[in-house]
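Report on the structure
So you can see what is in the structure, the chains are spelled out below.
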Amino acid sequence: MAHTEEQLAVNSIIGEGAEFNGEFKLSGLLRIDGIFRGTIKTDGKVLIGKTGIVDTDIKARIVVAGGEINGNIFASERVTLLASCRMKGDIITPKVVMEEGVQFEGNCKINPTSH
């Protein structure tokens with residue numbers, strides 16, 4: 001599988017207790033366990049841990065969220081909201097998975113040609 005190596009390598013981490021403000025552009029995986037405010041753009045994956053708090057718009061291939069999101073998600077492949085996720089904002093993606101327990105306030109557009 002082409003994405004196996006990418007899934008194992010974390011390119012950037014905003015750790016628990018850390019805070020970042022600004023625009024973050026990267027290729028690959030960004031993991032957020034701290035606080036992020038700004039914009040995120042990647043052709044890879046964004047993973048928001050249970051302790052992660054983001055106030056941002058996210059443009060990525062894949063987004064997996066377990067923390068708090070205030071902003072919109074534009075994912076070209078899929079979005080997964082884990083049971084611990086609290087999201088206020090809109091989602092545009094071809095595929096979405098929401099586990100039982102997710103708190104979601106916004107609109108979701110499942111669009112096979114998103115991004």
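Residue positions are given per chain, counted from 1 along the sequence in the order it is written. It should be noted that, the model being predicted, local features are given only for residues of pLDDT at least 70 and side-chain atom pairs only at 80 or more, the latter also being counted only at that level, while totals for whole chains, interfaces and linings use all residues. Each side-chain value is worked out from all heavy atoms of the structure, with water and hydrogens disregarded.

As recorded in an unreviewed UniProt entry, the protein goes by Polymer-forming cytoskeletal protein and comes from Leptospira semungkisensis. Per UniProt, the comment on the protein under Sequence similarities (unreviewed entry) is "Belongs to the bactofilin family." UniProt positions are given in the numbering used here, feature names are shortened, and annotations may be inferred rather than shown by experiment.

Bringing the environment of asparagine 11 into the picture now. Within the secondary structure, asparagine 11 is located in the loop between α1 (4-8) and β1 (12-14). Under the scheme applied here, a residue whose accessible area is under 20% of the maximum for its type counts as buried, over 50% as exposed, and between as partly exposed, the area being computed with a 1.4 Å probe on protein chains only. You can call asparagine 11 partly exposed: its relative accessible area is 46%. Placed 20 residues apart in sequence, asparagine 11 and arginine 31 show a C-alpha to C-alpha distance of 8.3 Å. Here, two residues are considered to be in contact whenever any of their heavy atoms come within 4.5 Å of each other. Not counting residues within four places of it along the chain, the set of residues in contact with asparagine 11 comprises Leu26, Ser27, Gly28 and Leu29. In this description a helix means any DSSP run of H or I spanning at least four residues, a strand means any run of E spanning at least two, and both kinds are numbered starting from the N terminus.

Model confidence for the protein is summarised by a mean pLDDT of 90, while 89% of its residues fall at 70 or above. Confidence of the prediction at every residue is given by pLDDT, a number between 0 and 100. Counted against residues more than four places away or in other chains, residues 1-7, with its pLDDT under 50, gives five contacts.

What follows concerns the pairing of strand β3 (residues 29-32). Here, strands pair whenever DSSP counts at least two bridges between them. In terms of strand pairing, β1 meets β3 through three bridges, oriented parallel. The residue of β3 that forms the bridge with serine 12 is leucine 30. Sheet topology note: the β3/strand β5 (residues 45-48) ladder contains four bridges and is parallel. Its bridge partner lying in β5, leucine 29 is registered against lysine 45.

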